[in-house]
Amino acid sequence: MIASRQIAFGSTRKEASEYWGLCFTAEAADSTVAMRAVGSAPTVNLMTSYDGENWDPFYVGTTTINLPNVGDKVYFKAGDGGNTRFATSQSDYTNFVMGKRVSASGNIMSLLNAEEELTAIPSASCFTRLFNDCKSLTSAPELPATTLVDNCYRNMFQRCTSLTSAPELPATTLVDSCYYGMFSGCSSVTSAPELPATTLADSCYAYMFQGWTSLTTAPELPATILGKSCYVCMFQDCKSLTSAPELPATTLVGSCYNYMFQRCTSLTTAPALPATTLSSSCYRYMFSGCTALTTAPELPATTLADSCYACLFQNCTALTTAPVLPATTLANGCYRYMFDGCTSLTTAPELSAETLAVECYDYMFTNCTALTTAPELPAKRLVVRCYRHMFSG
């Protein structure tokens, strides 16, 4: 434990017990904390302290912090001049390496500036992969920034398999790939942070909770303005997820819901999909492999986009009834593999379109082994691969 000692930060003096910056605490004897540089990682200037009063330089790739007893702590802060980022790309980054069992607390922004509590992240890719593969990390530090930059938290906690809770994410204005893969593979976390943003950016939530096998409830997603690929693979392989959040957007963008709930094998009910303005690949693979899904949502759009419903319900083996498909204006590959492998599907929906598009019904009902009745096909002029393998299997 740290006594109530005075420590100096510039011209401001604070109690050691009030230190606001990043802190690691041993939850098992002989825990360790180190850092490594990968690729052409940016040079960083860091200091550490065991008592909040005496600070020593910390050298990435050389210094290893030993925490011999449960409850031992080490504090981190930026050295003189501060830091602007810990990564420049997915291949060039500095990240923590831990042994045994370690919890984090305090403000992550102390790694950038020890003199003041920043709320704006200064550089793109700033914290990319910072705790990547830290399987010993049990809790995350505070992430108070309200102004984000592209890729700032990308893959930050990827595969932190001992992490049991996620930090709050207060930002309401998002940027491209800001949370991309942030918690991917964190299989012990049971509840997701709130995501209050109503306007999204390209790939902002992509892969964010992928592989959260303990997640049972998804956060609310109030956004009505989407970005390209904004929800791609967001809940992919969340095998304990039983219900999906509402998705209120009525105008979609390219690949926005692509693979969003793929292989969520406990999902029994799909959210309403009210959009009438679709975009390329918008629902592609969205519920693919959701083997507990028994009812499909309504699909009201009458004008389709390229690959918009491709593989949408692929291998939904419990699905018994297909939704009404009112579209009269088709697009290339729009229904491709839509019900492939739906082995409980007994009847097919009406298909009223008279003008076809390339590969529009390609493999649509392939491997639907319980299908007893096929729909009428009123089109008189055919196009390339329009009905190819439509009822194969």
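For clarity, every value in this text was computed on a predicted model and none was experimentally measured.

Cut-offs applied
- Residues numbered from 1 in each chain as written.
- Predicted model: local features only at pLDDT ≥ 70, side-chain atom pairs only at ≥ 80, totals over all residues.
- Heavy atoms only, no water.
- Helix = DSSP H or I, 4+ residues; strand = E, 2+ residues; numbered from the N terminus.
- Buried < 20%, exposed > 50% of the residue type's maximum accessible area, 1.4 Å probe, protein only.
- Lys, Arg positive; Asp, Glu negative; His and termini not counted.
- Charge placed at Lys NZ, Arg CZ, Asp CG, Glu CD.
- Polar contact = N/O pair within 3.5 Å; in protein donor to acceptor, adjacent residues only side chain to side chain.
- Contact = heavy atoms within 4.5 Å.
- Core = buried A, V, L, I, M, F, W, Y, C linked by side-chain atoms within 4.5 Å.
- Salt bridge = Lys/Arg side-chain N within 4 Å of Asp/Glu carboxyl O.
- Pairing = 2+ DSSP bridges.
- Axes fitted to C-alpha atoms, helices over the stretch in contact; angles between N-to-C directions.

Draft legend 1. Just the overall build of the protein, in detail. In terms of regular secondary structure, the protein is built from zero helices and eleven strands. Start at the N end of the protein and walk to the C end: the helices and strands fall as β-β-β-β-β-β-β-β-β-β-β. By the burial criterion, 56% of the 393 residues in the protein qualify as buried. The centroid of the 22 positive side-chain charges in the protein is displaced by 8 Å from the centroid of its 31 negative side-chain charges.

Draft legend 2. Representation of the side chain of Asn83 within the structure. You can see Asn83 is positioned in the loop between strand S8 (73–78) and strand S9 (93–99). A polar contact is formed between the side chain of Asn83 and the backbone oxygen of Leu111, at a distance of 2.8 Å. Ignoring any residue separated from it by four or fewer positions in sequence, one finds Asn83 in contact with Thr43, Val44, Asn45, Leu46, Ala78, Leu111 and Leu112.

Draft legend 3. The arrangement of the nonpolar core in detail. If you look at the biggest cluster of nonpolar residues, it comprises 124 residues, and the most contacted ones within it are Phe96, Phe131, Phe157, Phe235, Phe287, Phe313 and Phe339. Breaking this core down by element, the ones donating at least two residues are strand S3 (23–26), strand S4 (31–38), strand S7 (64–67), S8, S9 and strand S10 (102–105). If we ignore the near neighbours within four places in the chain, the residues touching Phe287 are Phe261, Leu267, Ala270, Pro271, Leu273, Leu293, Pro297, Leu312, Phe313, Gln314 and Cys316. Core analysis: the next-biggest nonpolar cluster, separate from the first, contains five residues, Tyr19, Cys23, Met47 and Trp55 among them.

Draft legend 4. Representation of the pattern of salt bridges. One pass over the full model with this rule turns up ten salt bridges. In this structure, the salt-bridge partner of Asp237 is Arg263, at a minimum N-O distance of 2.7 Å. A residue pair is termed long-range when its members are at least 10 positions apart, and Asp237 in the segment after strand S11 (137–139) and Arg263 in the segment after S11 qualify at 26 residues. Here the salt bridges share partners, and the residues they tie into one network are Arg336, Glu359, Asp362, Arg385 and Arg388.

Draft legend 5. Up close: the side chain of Asp51. Tracing the sequence through the fold places Asp51 in the loop between strand S5 (46–49) and strand S6 (56–58). A polar contact of 3.0 Å, which involves the side chain of Asp51, links it to the side chain of Ser49. A distance of 2.7 Å separates polar atoms of two side chains, one belonging to Asp51 and the other to Asn54.

Draft legend 6. Broad picture of the sheet that holds S4. Pairing in this open sheet of three strands is antiparallel, and the strands run S7-S4-S9 from one edge to the other. Both edges of this open sheet fall to S7 and S9, since each of them pairs with a single strand only. Here the average twist between neighbouring strands, direction ignored, is 20°. Pairing of S4 with S7 involves four bridges; the strand directions are antiparallel.

Draft legend 7. Seen up close, the environment of Tyr75. With respect to the secondary-structure elements, Tyr75 resides in strand S8. On a C-alpha basis, the gap between Tyr75 and Ser105 in space is 9.6 Å, while along the polypeptide they are 30 residues apart.

Draft legend 8. View of the sheet that holds S3. Spatial ordering of the open sheet is given by S6-S5-S8-S3-S10-S11, a layout of six strands whose pairing is mixed. The open sheet is flanked by S6 and S11, the only strands paired with a single partner. Each neighbouring strand pair of the sheet contributes to a mean axis angle of 35°, computed without reference to strand direction. With three bridges joining them, S3 and S8 adopt antiparallel strand pairing. Among the inter-strand pairings, Thr25 is bridged to a residue of S8, identified as Lys73.

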